[in-house]
Amino acid sequence: MVFHTDTIVALSTPPGRSGIGVVRVSGPESLKILQVLVASDSFNPQPNLLSLRSLIDPTTGEALDEALVCFFKAPHSFTGEDLVEFHCHGSPVLLRGLIEIILQLDARLAEPGEFSLRAVGHGRLKLTEAEAIRDLIDAQTDVALRQATRQLKGEVSKTLQPAKDDLLKIIVRLESSLEFVEDDLPTVEHEGIIASLAGLRESLSKLAATFRQGKLLRDGLKVAFVGRPNVGKSSLFNRLLGYQRAIVTDIPGTTRDTITESVGLKGIPLILIDTAGIRASSDEIESIGVERTRRAAADADLLIVVIDGSEQLRPEDRTVFAEVMNTKHLVALNKSDLASFPAAQLGDVAVDGASAQVISVSAKTEAGLESLWTAIVEPFANGSAAGESLLITNARHHDLLLRAIEALDSSKRLLVERVSEELLLVGLHNALRYLDEITGETTTEEILGQIFSTFCIGK
């Protein structure tokens, strides 16, 4: 990654027509580019102040737009470099033309996340804070938004700092022991260091354990409806969404492909997937749909097996149960509004569902839908998804926490065995390095490139 030496430009608002479109320029040529575009070499704007200026095409002298422009002087900008923003009217043609002119003025297009990467490189953001920007943009629920905002404020770094300080104290003490060539640590101090390592491990383990709920908030819960044709999967899917997304008819096999929609429930983003009915078919298109159903089921976090509760179980129902037996699932006994519903073989359903939770519902009257919502979310939420405490939402952070815990465990075992301080320090230094990698103090450029490649361009 290149810092300081070149100037980058990108559209920082979503593409398409809008009231306002923002073009952002960062780097040493930013002010010069601004002066060229306002046709005034003497223009010396007051930093951090928006001003209305006419933008001029330097090649033709024609006016491009009346825009609000703002100059942020290094190091007091988002990136830590000289930075200019052009707040133009949101015409895609205008914005594209402006960027093309800026590219001719000694700038280049920014890579994904390069503005945030430069902010990290100049110490304006911790790496965890920059990653929180991406999560903030991608947040699908209010709870996920609050978690991202907390991390943007530096809560991950603040939470890790006491552990890093305690670990550093232990390292300094052991390094001092080596420096002064002591034969052994005093027994009291030896036991104290063991206790300190145990405390460090406990605090890091508690933080790492929040990843299950954090990942759920960030990525969402994939829930697929499966069952034989014509049991009401699409009707139930539509009811849970609140609008008619899937086509519903009395003809078996109406749904030929998977349909995916997102909805938020109790702060948790749910990805609901309607699927084709599972049955043997000579219809080539339906057979492809059934195969896609099986793939969607394999990829889902939870399956809802939909059964027609007004009928006795059919062989096709039992086939579905056999296919989902080793997958987390619950049973939605549909059509509870029909008079024939009590004839359903609840006992058979419980047996075939391998003791899965069975919920009576009606896609027609919405009876039982609240119970179904609760059954979907409850096993995954565990009461921790309310956003009241910091959650680890990033798989990279979780992996590094586990590595740090493993390094602490290794050093503690060696300490108990009275192994020399040199070997103890290897694991402790590794643990400290893993914690530093979370916040970006020791992260390599290769890892930075991988992280910021997932950002949107312009951020």
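These numbers come from a predicted model, not from an experiment. (Residues numbered from 1 in each chain as written. Predicted model: local features only at pLDDT ≥ 70, side-chain atom pairs only at ≥ 80, totals over all residues. Heavy atoms only, no water.)

### Observations concerning the overall build of the chain
Stage number 1. A count of helical and extended segments in the chain gives 16 helices and twelve strands.
Stage number 2. Burial statistics for the chain: of 459 residues in total, 48% are counted as buried.
Stage number 3. A separation threshold of at least 6 residues defines the contact pool for the chain, and within that pool the share at least 24 residues apart is 69%.
Stage number 4. Approximately 21800 Å² of the chain is accessible, and the part contributed by carbon and sulfur atoms is 53%. (Helix = DSSP H or I, 4+ residues; strand = E, 2+ residues; numbered from the N terminus. Buried < 20%, exposed > 50% of the residue type's maximum accessible area, 1.4 Å probe, protein only. Contact = heavy atoms within 4.5 Å. Areas by Shrake-Rupley, 256 points an atom, 1.4 Å probe, with all protein chains shown as cover.)

### Considerations on helix 8 (residues 211–219)
What sets the pattern is the α-helix's 3.6 residues per turn: residues three or four places apart point alike.
Stage number 1. Burial in helix 8 covers these residues: Phe-211, Gln-213, Gly-214, Leu-216 and Leu-217.
Stage number 2. Taken from the residues just after helix 8, Gly-220 is the one with a positive phi, measuring 90°.

### Comments concerning the sheet that holds strand 7 (residues 221–226)
Stage number 1. Spatially, the six strands line up as an open sheet ordered 8-9-7-10-11-12, and their pairing is mixed. Where the open sheet ends on each side, the last strands, each with one partner, are strand 8 (259–265) and strand 12 (358–360). Across the sheet, the mean angle from the axis of one strand to that of its neighbour is 25°, orientation sign disregarded.
Stage number 2. Strand direction decides the pairing type here: strand 10 (residues 302–308) and strand 11 (residues 329–334), joined by six bridges, are parallel. Opposite Ile-304, over in strand 11, you have Leu-330 as the bridge partner.
Stage number 3. Those strands touched by helix 8 are strand 7 and strand 9 (268–274), and its axis lies near 60° from that of strand 9.
Stage number 4. Contacting strand 7, strand 8, strand 9, strand 10 and strand 11, helix 9 (residues 233–241) runs over the sheet at an angle of about 155° to strand 9. (Pairing = 2+ DSSP bridges. Axes fitted to C-alpha atoms, helices over the stretch in contact; angles between N-to-C directions.)

### With respect to the sheet that holds strand 2 (residues 18–26)
Stage number 1. Strand order in the open sheet formed by six strands is 3-4-5-2-1-6, with mixed pairing between adjacent strands. Every interior strand has two partners, whereas the edge strands, strand 3 (51–56) and strand 6 (108–109), have only one.
Stage number 2. Bridging between strand 2 and strand 5 (residues 83–90) involves eight bridges; their strand directions are antiparallel. Counterpart to Val-22 in the pairing with strand 5 is His-87.
Stage number 3. Sitting on the sheet, helix 1 (residues 30–37) is in contact with strand 2, strand 3, strand 4 (63–72) and strand 5, with an inclination near 40° to strand 5.

### Considering the pattern of salt bridges
Stage number 1. Tallied over the full model, the rule gives 21 salt bridges.
Stage number 2. Residues Arg-118 and Glu-114 are paired through a salt bridge, measuring 3.3 Å at the closest nitrogen-oxygen approach. Taken together, the residues Arg-118 and Glu-114, both in helix 3 (residues 114–121) and four residues apart, mark about one turn of the helix. The burial state of Arg-118 is the same as that of Glu-114; both residues are buried.
Stage number 3. Here Arg-314 ties to Glu-311 by a salt bridge, and the two come within 3.0 Å at their closest N and O atoms.
Stage number 4. Connected through salt bridges with shared partners, the residues Asp-6, Glu-81, Arg-108, Glu-114 and Arg-118 form a single ionic network. (Salt bridge = Lys/Arg side-chain N within 4 Å of Asp/Glu carboxyl O.)

### Focus: the confidence of the model for the chain
Stage number 1. The pLDDT averaged across the chain works out to 82; a share of 84% of its residues lies at or above 70.
Stage number 2. The spread of mean pLDDT over the elements of the chain runs between helix 12 (residues 346–352), the lowest at 56, and strand 5, the highest at 96. (pLDDT = per-residue confidence, 0-100.)

### Quick notes on unusual backbone geometry
Stage number 1. Residue Pro-75 is bonded to the preceding Ala-74 through a cis peptide linkage, with omega at 0°.
Stage number 2. Note on placement: Pro-75 falls in the loop between strand 4 and strand 5.
Stage number 3. In this structure, Asn-48 is a non-glycine residue whose phi angle is positive, near 70°.
Stage number 4. The topology assignment puts Asn-48 in the loop between helix 1 and strand 3.
Stage number 5. According to the relative accessible area criterion, Asn-48 is partly exposed, its value standing at 49%.

### Considering the pairing of strand 7
Stage number 1. Burial runs high along strand 7: five of the six residues are buried.
Stage number 2. Sheet topology note: the strand 7/strand 9 ladder contains four bridges and is parallel. Directly across from Ala-224, in strand 9, lies its bridge partner Ile-273.
Stage number 3. Where strand 7 meets strand 10, four bridges bridge the pair, whose relative direction is parallel. In the sheet register, Ala-224 faces strand 10, and the bridge partner there is Leu-303.

### Looking at the pairing of strand 3
On any regular strand, side chains alternate: one points to one face of the sheet, the next to the other face.
Stage number 1. With six bridges joining them, strand 3 and strand 4 adopt antiparallel strand pairing. Paired with Arg-53 across the strands is Ala-67, a residue of strand 4.
Stage number 2. Counting the residues that bridge the hairpin from strand 3 to strand 4 gives six residues, and of these Gly-61 lies at a positive phi of roughly 80°.

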